[in-house]
Amino acid sequence: MVGSALFILGVTRYLGLVLLFLAVPLAYESVRRKVKKRAIYLVSTSQAFDHKTVKFWMQAKGMGSKLIVGIQGERKTDMVLNACATSCVDEVICEAPAKADLMFLEKQGVDFVVLTAGQNNLVTDEVISANRCLVIGEDGVARPVQPKTAHKD
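Residue numbers run consecutively from 1 along every chain, following the written order of its sequence. Totals for whole chains, interfaces and linings use every residue, but because this is a predicted model, local features are given only for residues with pLDDT of at least 70 and side-chain atom pairs only at 80 or more, for both listing and counting. Side-chain metrics in this entry use all non-hydrogen atoms of the structure; hydrogen atoms and water are not considered.

A word on unusual backbone geometry. Unlike most non-glycine residues, glutamate 95 shows phi in positive territory, near 55°. Residue position: glutamate 95 is located in the loop between strand 3 (91-94) and helix 6 (102-108). For each residue, the accessible area found with a 1.4 Å probe, counting protein chains only, is set against the maximum for its type, and the residue is called buried under 20%, exposed over 50%, and partly exposed in between. Look at glutamate 95 and you get exposed, because its relative accessible area is 61%. Of note in the backbone geometry, asparagine 131 takes a positive phi value of approximately 55° without being a glycine. Relative to the helices and strands, asparagine 131 is located in the loop between helix 7 (125-129) and strand 5 (133-136). We count a stretch as a helix when DSSP gives it H or I for four or more residues in a row; a strand needs E for two or more, and each element gets its number in order from the N terminus.

So, on to the sheet that holds strand 2 (residues 66-71). Sheets are built from strands that pair by backbone hydrogen bonding, the pairs being arranged parallel or antiparallel. If you trace the six strands from one edge of the open sheet to the other, you get 3-2-1-4-5-6, paired in mixed fashion. One side of each edge strand has no neighbouring strand; the edge strands of this open sheet are strand 3 and strand 6 (142-144). Recorded for the sheet is a direction-independent mean angle of 30° between the axes of neighbouring strands. Paired strands are those between which DSSP finds at least two bridges. Bridge count for strand 2 against strand 3 is four bridges, and the pairing is parallel. Residue pairing in the sheet places valine 69 in a bridge with valine 92 of strand 3. A fitted line through C-alpha atoms represents every axis, and for helices the fit uses only the stretch in contact; the resulting angles, taken between N-to-C directions, go from 0 to 180 degrees.

Across soluble globular proteins, nonpolar side chains have a tendency to be buried as a group. We define the nonpolar core as a collection of buried residues of types Ala, Val, Leu, Ile, Met, Phe, Trp, Tyr and Cys that are connected through side-chain atoms lying within 4.5 Å of one another. In terms of nonpolar packing, the biggest core is built from 19 residues, with Tyr41, Leu105, Val113, Val123 and Cys133 touching the most fellow members. Looking at this core, the elements that each hand over two or more residues are strand 1 (39-44), helix 6, strand 4 (112-116), helix 7 and strand 5. Take this core: its biggest share by element is three residues, from strand 1. Residue contacts are defined here by distance: any two heavy atoms, one from each residue, within 4.5 Å place the two residues in contact. Discounting chain neighbours no more than four positions away, the residues touching leucine 105 are Ala100, Val110, Val113, Val127 and Arg132. Ranked by size, the runner-up nonpolar core spans 15 residues in total, among them Leu67, Met79, Ala83 and Ile136.

Turning our attention to the side chain of glutamine 119. Its location among the elements puts glutamine 119 in the loop between strand 4 and helix 7. Those residues within four positions of glutamine 119 in sequence are excluded, and the remaining contacts are Val43 and Thr45.

We now examine the pairing of strand 1. The buried fraction of strand 1 amounts to six of the six residues, a majority that puts the element mostly inside the structure. The two faces of strand 1 match: Ala39, Tyr41 and Val43 on one face and Ile40, Leu42 and Ser44 on the other face are all buried. Note that the unit made of strand 1, helix 4 (residues 51-62) and strand 2 has a crossover that is right-handed. Taken together, the two bridges between strand 1 and strand 4 define a ladder with parallel strand orientation. Within strand 4, the residue paired with tyrosine 41 across the bridge is valine 113. With its strands directed away from the observer, a crossover is right-handed exactly when the path from the first strand over the helix to the second travels clockwise.

By themselves, these are just geometric observations and shouldn't be taken as functional.
This is how it looks when you write it as structure tokens:
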């Protein structure tokens, strides 16, 4: 907005043009995210539905175009209803598997699994080694989960 405002004024036209050119990569990334469809899957393991859960879901939704939330266990009707009522959730899977494997991801059409720190036990090692698993840290940055390496003593 500042670049286009400066571009309109005759005196600061070149400064506005430079700012507009600097904004092109950001605009490209924004359009690319909207054009390329990505399905994001996450497992809801929290007992309580609070603002932190909604914030995590909104961060995960921002990484793709479709958000699928898996609810584990039986008698979780409150969590299913809360997930269905949230605007950022596109699909809810009741009685989600304990560990998401590649076959489950392919069946559901999921591109990436998003986890919080310490939830690595919710996906199989083949999903991690296929680089289809991301973790959102305490700082709010998504990073790929690194496969476990065997330590030789």
